[in-house]
Amino acid sequence: MRNFLQGLLTKDPRQRLSWPDLLHHPFIAGRVIILTESAGPDLGTPFTSRLPPELQVLKDQQAHRLAPKGNRSHILRQAYKHMAEEAKQKKHQNTGPALEQEDRTSKVASGTASLPRLKATPQEPSLLTGVLGSEMKSSWAEWRAGEAPPAPCRENWITQDCEQAFPELRPEVVGQQSLDAVDLENEEPGNDDAEWRHLLETTEPVPVQLKAPLALLCNPDFCQRIQSQLHEAGGQILKGVLEGASHILPVLRVLSSLLSSCGGDSVSLYSFCRGAGLPRLLLSLLRHSQESSSIQQQRWYGTFLRDLMAVIQAYFACTFNLERSQTGDSLQVFQEAANLFLELLGKLLAQPDDSEQTLRRDSLMCFTVLCEAMDGNSWTISRAFYSSLMTTQRAVLDGLLHGLTVPQLPFHSPPGAPEVSQPLREQSEDLPGALSSALAALCTAPVGLPGCWEAKEQISRHLANQLTEDSNQLRSSLISGLQDPILCLHLLKVLYSCCHVSEPLCRLLGQEPLALESLWKLVQGKVKVVDWEESAEVTLYLLSLLVLHLQDLPSGMEKLGSEVATVFTHSHVVSLVSAAACLLGQLGQQGVTFDLQPVEWIAAATHALSAPAEVRLTPPGGCGFYDGLLMLLLQLLTQQGKGNPVRVVASSEMWTVLWHRFSMVLRLPEGASVQEEELSPSSPQSLEPDWTLISPQGMAALLSLAMATFTQEPQLCLSHLSQRGSILMSTLKHLLSPSFLHHLTQAPQGPEFLPVVVLSVCQLLCFPFALDVDADLLEGVLADLTDSEVTAHLLQVCRHHLPLTQAELPISLLTRLALSEPPSLNQFVSTVAACPTTTISFLSAALLGDQPLLTSDLLSLLAHTARVLSPSHLSFIQELLAGPDESYRPLRSLLGHPENSVRARTYGLLGHLLQHSGALRGALQSQLGLLNLLLLGLGDKDPAVRRGASFAVGNAAYQAGPLGPALAAAVPGMTQLLGDPQAGIRRNAASALGNLGPEGLGDELLRCQVPQRLLEVACGDPQPNVKEAALVALRSLQQEPCIHQVLVSLGASEKLALLSLGNQLLPRSSPRPASTKHCRKLIHLLRPTHNT
C-alpha cells in the first residue's frame, strides 16, 4: 500500500502512477471492476476529460517537436559528418579514386547485413518508443495502432541516410580508419537518440520505486529487444564496426540504470535478466573483447568497456544475488558468473603492467562490489568464493599483491593512436586506488556478517605471511602508502585485517618507525587524506590492536595519550569517539596516564551513547562498538586519587542514557511480559541482541560498571530496583531469561562470558537483601522478581549453563526468593516437574559436591518445600535422597558430612519429610545402618545438629508403626538431651519422648527414668515452651499403666499443683502460660478416682 500511495503522490508527472497502469499494481490488481460500456467520443473517460482544441494543437506540436527525427543515430550522424569533411579535404589532394578504399568502405556500409540476428522485426526501430508511449495511452491496442509503418528494408538504411545528408560522402572516398577514429566519449547526444535517452531518464534510480522501470521489466517485447540488441551490436563490435558500438552504448546505459533502480523487486528483475540473457551475454562480450587485439586498438574501446563494466557491476549489486532474496536459481547463476568474472580478472591482472589500465581499474571496482555481495551471502557461498582465491583463482590474489608493489606507470597509448586526453590520463591514475580498494574488500571482515570471516581470515593470514617476509617489498609499499591521500584508508584496512590474525606482523609494525610515525600523524590530523574521520578511526583501532598484542608499548606510544584524549572529548563523530575510547582503555591498562576531567568524559560518553552509531569496522578482539567506551568508563570510575566521580556519574544524564542504549542493543521486547517467554531454551522468542554494538565482553564491563556504582551508592541501586518496570530492572531480568541466554551461548565468546554476566546480575539483584530496606519496598522488589519468574530462570541457568562451581550465588538468590514468596516456591517445584531428569541430576550433583554453602542452601530450600507443600510435590526430594539405585547413598553422605551446617540441615529436612513419608520410615527400618546415622546426631557436638536430629527422631516416632521397636535405641540419647543447654533441643527431646510412649516402649522409658526427668523439666525448666512440651509428653506417657503408677508414686500431682498455683499468682496483666492448661489436665488425669 505504501508503494502504491508513493506512486500516486509523485511530483514528477512522468514518474507518477497513472491510469490505466495503476490497475496492474499488486495492491489493487484484480480488485477493481472496469466498466466496459463504450462511451461517446466527447465524453472522455470516467477519470479524464477531452482537451480543448487549442490545447490539443499545442500537445500535437510538442509531440512532433520531441519525436525522433528518423532512424539515424546521432553518433553515427556525427561520424559521417566527420568523414564527409575529411573527404572534401582529400578531393583537393587526390585526383583519382582509391579503389582499395572503396572496397573497404563498401564492407563497412554492408557490415550489418551479414550479422546473425535472433529476432528482427520491421517494427523494431519504434518498439521502445511504443513501450513508453503505452504509459500515456488507454490500452495496448491504441499503442499498437500508433506504431510507425514498417521500413521497407533495414539492411542499408544507415548508409542511405548518411548519403542523403552528406552528398560529399561516397563509399569510394571514405576509409575504414575514419570510422575507427570516432571518439564516442566526447560526442554529445542529440534528438536522434531520444528513444534510448528517454529510457535512460525513465530508469534512473529514484528514492521511490516508480512505475516506469517496473513496466519495462514486465514487458516481454522490451526484454527481447534488449537481448537482440546485445547479440547484434555485440557481433558488430567483435568485428570492429563502429555501428555496433553506437548501438550498444545506449543499451548498456539503460541496463545499468534499470538494474540500479529496480533493486527492490527481485523477482521481476531476475526474470528480466534471465530473459535478456544476463549476465552470460555481458561476460561473453567482455571475454571476447579482451581476446581481440584489433578491438582494443579502437578509439571507442574504452567507452564501451566502461559502460559494459558498469552493467556487470550493477548486476553483481542486485539483491537477488543474496541468499535472503534469492529467486529461483539466482544464487547458482550468481556463483557461476562470479567464477567466470574471476577467471577474466585473473587473466587481465596477469598481463603486462603497462596494458589496459582503465579496464583494470573498472574491473577492480567491479570486483570490490562482488566482494560486498559475497559478504552478505551465506557461509557456504562466501567461503567457496574466498577459498577459490587461495586455490583455483590464485591469479587474482597474486595480481592484486603484485600491483601494489610496482611503481605508478603512465597511461599506455597503443602505437599509432592519438594522444590520450587529460581526463583519461587522470582516470588511469586511479588504478592504485582501485587495487588497494579491492584488496581491502578482500581482507576486511564485514560488520555483523560472520559467515565469511573464516575464509577472509585465511586470505589475511596469507597476506600477513607475505608482509612478514624480509625479502618482500609489499610491506614497504603498504607503509609508504599510508601517507597517500587516496590509498591511505584502504591500506589501513589491509594492515588492520592482517594484524588481527598475525602477532608477528604486529611486532614488525611496532618496530617500524615510519609506520608508527605515519599512524601518529594520522591521529593528529597532519596527513591530508580523503576521509580523515574514517582513516583516523581505523588508525586508532590498529594502534589498539598493537597495544593488545604487544607486551611492551612501542616507543613513543605513551606520548600519544593526550592526543587520543583530545579526540575522545572533542570529536562529534561517534565512531571516532568509540575508537579513541578503545585505545585509551588499552593504554590505561598498560599504565599510561592521561588527564581527563569527569565533566569532559561524562559529556563525551553521553554524546557517544545518545547519538546514532555508525559501525564501519569491527573493533579489535571481536569487541562490540561500545565495548571500548564501557571499559574506559570502568577505569575512570574506579581509578584512585580522582575524588569521587561515582556520585557525579550516578546523578548525570549519562547514567540514564547508558541503560536506555543498552536496552535498545539488547532489543528488549516492548510491552511483553517475561512470563510469556517459553521456559525451554531450545525455542527462543526474543530478538537476538545486536552483537556488533556490544559483545558479551562489553556486557560484562557494563555490569561491572553498575556494580562499582551501586557499591558506593547503594541507595541509587534501591531506587532503580524498587521502581517497578524500570529499565534497569527490566534489563537485569531479561539477562536471566532462557531466550537471551540461548542467544548468548551462540555469540562469539558468549560461553566464556556467560557465567560472568549471570553472576553479575545475581549480585545486583541481591543488593536489596543485603541492605536495611523498608519492608514495603522489599516486598515490592520480591513481587516484581516473582512475577517475572526469576526463580525458574535461576534454576534453568544453573541447570543448563553454569558449571557447578559457579552455581552458589544463583542458588542462594533462588533460595531467598523461594523462602520469601510462596509463588516463587511454586515456580521452583513446577520447573523441577517440567524437566525432572536433568533437574534431579543437577540437584544431586550440587548436594554431593564439595561446596558446603551451596549444599546448605539447597537443603534449606528442600526443607522449606517439604514443610510448606503437600506430600504430592515431594516425590523428587525422596528420589534425591534415595539415589538412582535406592540405596540412600546421598542421604548417608549428607548425614556424615564434615560440615556441621550440612548435617544440621539434613536432619531438619528428614524431620519434615518424616511427617508425611511412609517410604522414608520404611527405609530407616530396612536400610542397614541408616537409623544408626539418624540416632548418631543426638550426641553430636554441634547444637544445631543435635536440634535437627532430635526433631527428626521425634517425627519418626510419631505413628512410627513397624519402626517403633527400633526407636528404643533413641530413648537414652533423648533422655540425656533433656538437660541440653539449648532450649530448643530440650523441647524437641521432650516431644520425641512423648511420641515414643504409645509405641510400646514403656519398659525402656522406665529404665531410663524418663517420667522422673520429664517431671523435673515440667516443674523446673526456665523456658515456658520447654515446660509445655514436657507436660504434653507426660500426658501421652501416663496412658501407660506402669508409667502412670510411677508418676503417682513420685507425687506428680502435688508438684504440678504447686506449679499451677505459681501460675495463678502471676499479675492479672501478665498473660497466662500455655502450660497452665496442660498442667491442670494432667493433675486431673493423675487423680485416683480418674485412675479407678
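Residues numbered from 1 in each chain as written. Predicted model: local features only at pLDDT ≥ 70, side-chain atom pairs only at ≥ 80, totals over all residues. Heavy atoms only, no water.

Asker: Any details on the overall build of the protein chain? Residues and values, ideally.
Answerer: For the protein chain, the count of helices and strands is 61 helices and zero strands. Across the 1092 residues that make up the protein chain, the buried fraction comes to 51%. Partitioning the contacts of the protein chain with sequence separation of at least 6, the portion at a separation of at least 24 is 74%. Accessible area for the protein chain stands at about 49600 Å²; split by element, carbon and sulfur atoms hold 53% of it. (Helix = DSSP H or I, 4+ residues; strand = E, 2+ residues; numbered from the N terminus. Buried < 20%, exposed > 50% of the residue type's maximum accessible area, 1.4 Å probe, protein only. Contact = heavy atoms within 4.5 Å. Areas by Shrake-Rupley, 256 points an atom, 1.4 Å probe, with all protein chains shown as cover.)

Asker: Would you mind going over the pattern of salt bridges in detail, with residue names and values included?
Answerer: Two side chains with opposite charge may pair up if their charged atoms get near one another. According to the stated counting rule, one finds 18 salt bridges in the structure shown. For the salt bridge of Glu713 with Arg647, the shortest nitrogen-to-oxygen distance reads 3.0 Å. Within this pair, whereas Glu713 is found in the loop between helix 35 (696-712) and helix 36 (714-721), its partner Arg647 is found in helix 33 (residues 645-650), the two being separated by 66 residues in sequence. Using a relative accessible area of 53% as the deciding quantity, one classes Arg647 as exposed. Lys733 is paired through a salt bridge with Asp784; the nearest N and O atoms lie 2.8 Å apart. (Salt bridge = Lys/Arg side-chain N within 4 Å of Asp/Glu carboxyl O.)

Asker: So what about unusual backbone geometry? Which residues, and what values?
Answerer: Negative phi characterises most residues that are not glycine, and trans characterises most peptide bonds. Residue Pro279 is reached from Leu278 by a cis peptide bond, and omega for that bond is 0°. With a phi close to 65°, Gln749 is a non-glycine residue in the positive phi region. Structurally, the position occupied by Gln749 is in the loop between helix 38 (738-746) and helix 39 (750-765). The backbone of Glu789 sits at a positive phi, close to 60°, despite the residue not being glycine. Of note, Glu789 is situated in the loop between helix 41 (775-787) and helix 42 (790-800).

Asker: Talk me through the packing of helix 28 (residues 532-549) against helix 30 (residues 574-589); I want residue IDs and the actual numbers.
Answerer: At their nearest, the axes of helix 28 and helix 30 sit 9 Å apart, and the two run at 20° to each other. Here helix 28 lies roughly parallel to helix 30, going by the angle between them. For the crossing formed where helix 28 meets helix 30, the hand is left-handed. From helix 28, Trp532, Glu533, Ala536, Glu537, Leu540, Tyr541, Leu543, Ser544, Val547 and Leu548 reach across to helix 30, where they touch Ser575, Leu576, Ser578, Ala579, Ala580, Cys582, Leu583, Gln586 and Leu587. Grouping the constituent residues of the contact of helix 28 with helix 30 by class yields 13 nonpolar, four polar and two charged. (Axes fitted to C-alpha atoms, helices over the stretch in contact; angles between N-to-C directions. Parallel < 35°, antiparallel > 145°, perpendicular 65-115°, else oblique. Left-handed = near helix turned anticlockwise from the far one by under 90°. Nonpolar A, V, L, I, M, F, W, Y, C, P; charged D, E, K, R; others polar.)

Asker: An account of the packing of aromatic side chains is requested, with residue identities and associated values reported.
Answerer: By the definition in use, this model includes 15 aromatic pairs. With a centroid separation of 6.4 Å and an interplanar angle of 35°, the aromatic rings of Tyr496 and Tyr541 are classed as tilted. One end of the pair, Tyr496, is in helix 25 (residues 488-501); the other, Tyr541, is in helix 28, and 45 residues separate them in sequence. Here the aromatic cluster, defined as three or more aromatic residues joined through ring pairs, consists of Tyr270, Tyr315, Phe316, Phe320, Phe334 and Phe341. (Phe/Tyr/Trp six-rings, centres within 6.5 Å; stacked < 30°, edge-to-face > 60°.)

Asker: So what's going on with the nonpolar core? Residues and values would help.
Answerer: Soluble globular proteins: nonpolar side chains tend toward being buried together. Core analysis: the largest hydrophobic core is formed by 308 residues, its most contacted members being Phe304, Phe367 and Phe568. In terms of residue count, helix 17 (residues 330-349) provides more of this core than any other element does, eleven residues in total. The contact partners of Phe367, leaving out residues within four places of it in the chain, are Phe341, Leu342, Leu345, Phe385, Leu389, Val396, Leu400, Ala438 and Leu442. (Core = buried A, V, L, I, M, F, W, Y, C linked by side-chain atoms within 4.5 Å.)

Asker: Could you give an account of helix 12 (residues 242-261), naming the residues involved and the relevant values?
Answerer: For helix 12, built from 20 residues, the straight-helix expectation of 28 Å at 1.5 Å per residue is met to within 8% by its first-to-last C-alpha distance of 29 Å. Burial of helix 12 is extensive: 18 of the 20 residues sit out of reach of the surface. (Expected span 1.5 Å × (residues − 1).)

Asker: Report on helix 52 (residues 943-957), specifying residues and quantitative values.
Answerer: Across its 15 residues, helix 52 extends 21 Å between first and last C-alpha, which sits within 8% of the 21 Å expected from 1.5 Å per residue. Within helix 52, eleven of the 15 residues are buried, which leaves it mostly tucked inside the rest of the structure. Along helix 52, the positions that sit buried rather than exposed are Val945, Arg946, Gly948, Ala949, Ser950, Ala952, Val953, Gly954, Asn955, Ala956 and Ala957. Between the side-chain oxygen at the start of helix 52 and the backbone nitrogen of Ala944 there is a gap of 3.1 Å, and the oxygen is on Asp942. Gln959 sits one or two residues past helix 52 and shows a positive phi near 50°. (Polar contact = N/O pair within 3.5 Å; in protein donor to acceptor, adjacent residues only side chain to side chain.)

Asker: So, the packing of helix 25 against helix 28: which residues are in play, and what are the values?
Answerer: As a packed pair, helix 25 and helix 28 sit with axes 9 Å apart at the nearest point and diverge in direction by 25°. Accordingly, the angle class assigned to the pair helix 25 and helix 28 is roughly parallel. Considering only the axes of helix 25 and helix 28, their crossing is left-handed. Note on element contacts: helix 28 touches helix 25 through Glu534, Ser535, Val538, Thr539, Tyr541, Leu542, Leu545, Leu546 and His549, opposite Cys488, Leu489, Leu492, Lys493, Leu495, Tyr496, Cys499 and His500. Here the residues of the contact of helix 25 with helix 28 are counted per class, giving eleven nonpolar, four polar and two charged.

Asker: Run through the environment of Asp980, naming residues and quoting values.
Answerer: Within the secondary structure, Asp980 is located in the loop between helix 53 (971-977) and helix 54 (983-996). A sequence separation of 33 residues divides Asp980 from Arg947, and the C-alpha atoms of the two residues are 9.9 Å apart. If we ignore the near neighbours within four places in the chain, the residues touching Asp980 are Arg946, Ile985 and Arg986.

Asker: How would you summarise the environment of Ala923 if you had to cite specific residues and measurements?
Answerer: Mapped onto the fold, Ala923 is located in helix 50 (residues 918-926). On the basis of relative accessibility, which here comes to 4%, the residue Ala923 falls in the buried class. Separated by 41 residues in the primary sequence, Ala923 and Ala882 have C-alpha atoms spaced 9.0 Å apart. If we skip the residues at most four places from it in the chain, Ala923 touches Tyr888 and Leu930.

Asker: Describe in detail the side chain of Ser266, supporting the description with residues and values.
Answerer: Here Ser266 lies in helix 13 (residues 266-276). With residues up to four places along the chain from it excluded, the contact list for Ser266 reads Thr319, Phe320, Ser325 and Thr327.

Asker: Go over the environment of Val577, please, and point to the residues and values.
Answerer: Mapped onto the elements of the fold, Val577 is located in helix 30. The class of Val577 is buried, set by a relative accessible area of 1%. The spacing of Val577 and Val564 is 13 residues in sequence and 9.3 Å in space, taken between C-alpha atoms. Filtering out sequence-adjacent residues up to four positions away, Val577 remains in contact with Val567, Phe568, Ser571, Ala604 and Ala608.

Asker: Residue-level account of a nonpolar patch on the surface, with values.
Answerer: Taken together, the side chains of Leu5, Leu8 and Leu9 make up a nonpolar region of the molecular surface, amounting to roughly 280 Å² of accessible area. Within the element layout of this structure, Leu9 appears in the loop between helix 1 (2-8) and helix 2 (53-66). (Patch = residues over 30% accessible without salt bridge, like charges linked within 9 Å, V, L, I, M, F, W, Y side chains within 5 Å.)

Asker: An account of the confidence of the model for the protein chain is requested, with residue identities and associated values reported.
Answerer: In low-pLDDT segments, the atomic positions of the prediction should not be examined closely. For the protein chain, per-residue confidence averages 79 on the pLDDT scale, and 77% of positions sit at 70 or higher. Per-element confidence in the protein chain is highest for helix 49 (residues 900-913), whose mean pLDDT is 95, and lowest for helix 6 (residues 140-145), whose mean pLDDT is 35. A low-confidence stretch, residues 35-47 (pLDDT under 50), is modelled with six contacts involving residues beyond four sequence positions or located in other chains. Every residue in residues 185-192 is under pLDDT 50, and counting partners more than four places away or in other chains gives 15 contacts. (pLDDT = per-residue confidence, 0-100.)

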